[in-house]
Amino acid sequence: YMSSNAVVTGNVDVQQHLNVATDAIVTGNVDVQTDLNIVGNVYASSNIVTTGNVDVQTNLNVAADAIVTGNVYASSNAVVTGNVDVQQNLNVATDAIVTGNVDVQSELNVTGNAYIASNAVVTGNVDVQTNLNVATDAIVTGNVDVQTDLNVTGNVYASSNIVTTG
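Read on for a plain summary of the structure.

Reading the values: the criteria
- Residues numbered from 1 in each chain as written.
- Predicted model: local features only at pLDDT ≥ 70, side-chain atom pairs only at ≥ 80, totals over all residues.
- Heavy atoms only, no water.
- Helix = DSSP H or I, 4+ residues; strand = E, 2+ residues; numbered from the N terminus.
- Rg over C-alpha atoms; globule rule 2.2 N^0.38 Å.
- Buried < 20%, exposed > 50% of the residue type's maximum accessible area, 1.4 Å probe, protein only.
- Contact = heavy atoms within 4.5 Å.
- Areas by Shrake-Rupley, 256 points an atom, 1.4 Å probe, with all protein chains shown as cover.
- Pairing = 2+ DSSP bridges.
- Axes fitted to C-alpha atoms, helices over the stretch in contact; angles between N-to-C directions.
- Core = buried A, V, L, I, M, F, W, Y, C linked by side-chain atoms within 4.5 Å.

## Some words on the overall build of the protein chain
The number of helices and strands found in the protein chain is zero helices and 27 strands. Expected size for 166 residues packed as a compact globule is a radius of gyration near 15 Å; at 15 Å, the protein chain falls within 12% of this value. The dimensions of the protein chain, computed from C-alpha atoms along their principal axes, are 45 × 20 × 20 Å. In the protein chain, which comprises 166 residues, the share counted as buried stands at 42%. In the protein chain, once contacts between residues fewer than 6 apart in sequence are set aside, the share between residues at least 24 apart is 0%. Carbon together with sulfur atoms contributes 49% to the accessible area of the protein chain, which is approximately 7200 Å² in total.

## A word on the sheet that holds strand S25 (residues 149-152)
Pairing in this open sheet of nine strands is parallel, and the strands run S1-S4-S7-S10-S13-S16-S19-S22-S25 from one edge to the other. Edge positions in the sheet fall to strand S1 (6-8) and S25, since each has one partner strand and no second. Each strand axis lies, on average, 0 degrees off the axis of its neighbour in the sheet, ignoring direction. As judged from the three bridges shared by strand S7 (residues 42-44) and strand S10 (residues 60-62), these two strands associate in the parallel manner. When the bridges of S10 are listed, Ala-44 appears paired with Val-62.

## Examining the pairing of strand S3 (residues 17-20)
Side chains of S3 alternate between two faces, with Leu-18 and Val-20 buried and His-17 and Asn-19 left unburied. Bridge count for S3 against strand S6 (residues 35-38) is four bridges, and the pairing is parallel. Each bridged residue has a counterpart across the sheet, and for Val-20 the counterpart in S6 is Ile-38.

## Some words on the nonpolar core
One broad rule of soluble globular proteins: the nonpolar side chains tend to lie buried together. Counting residues in each nonpolar core, the largest one holds 46 residues, and the members touching the most others are Ile-48, Leu-90, Val-126 and Leu-132. When sequence neighbours within four positions are dropped, the list of residues in contact with Ile-48 reads Val-30, Leu-36, Val-42, Leu-60, Val-62, Asp-65, Ala-66 and Ile-67.

## Concerning the environment of Val-126
Checked against the element boundaries, Val-126 lands in strand S21 (residues 126-128). A residue is classified by how much of its surface remains accessible, and Val-126, at 3% relative accessible area, is buried. C-alpha separation for the pair Val-126 and Ile-48, spaced 78 residues apart in sequence, amounts to 23 Å.

## Description of the sheet that holds strand S20 (residues 120-122)
In spatial order, the strands read S2-S5-S8-S11-S14-S17-S20-S23-S26; together these nine strands make up an open sheet with parallel pairing. The outermost strands of the open sheet, each flanked by one partner alone, are strand S2 (12-14) and strand S26 (156-158). Adjacent strand axes in the sheet meet at a mean angle of 0 degrees when their direction is disregarded. Examined bridge by bridge, strand S14 (residues 84-86) and strand S17 (residues 102-104) share three bridges and lie parallel to one another. The residue of S17 that forms the bridge with Val-86 is Val-104.

Structure below.
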């Protein structure tokens, strides 16, 4: 447990919990076996691999890939330049900006905007309060519920319902 900043230029390997009260800045990889809880910001220039849950109160910024077998919750922004692979739920309170692929095994919940430059593959439900913008393909086996606009430049595959109010 750290009450201020954690700045690491190499790798972070934690077997159970990584709790940071302010910012976690890592230029290498972050590997957490259980939970990653941060009240401030997370900046990772490489990969974040977590087998438990990721709970970030402010921003989650990952330069490469974010791989989580549990839940991802960010109360502000989630910015990933690589891929996002979540086995359970991906919850973002503000914006989810991904330049790579989004692969969510369960639910994708965004109260702000979701910008995806590549593919969005969700086996559960997609619930976006504002805009859902996908540059390539959006593949959803559950429901798609968008409160405002649904913009896809590629293909949309939905095995269930698509509900859009905008």
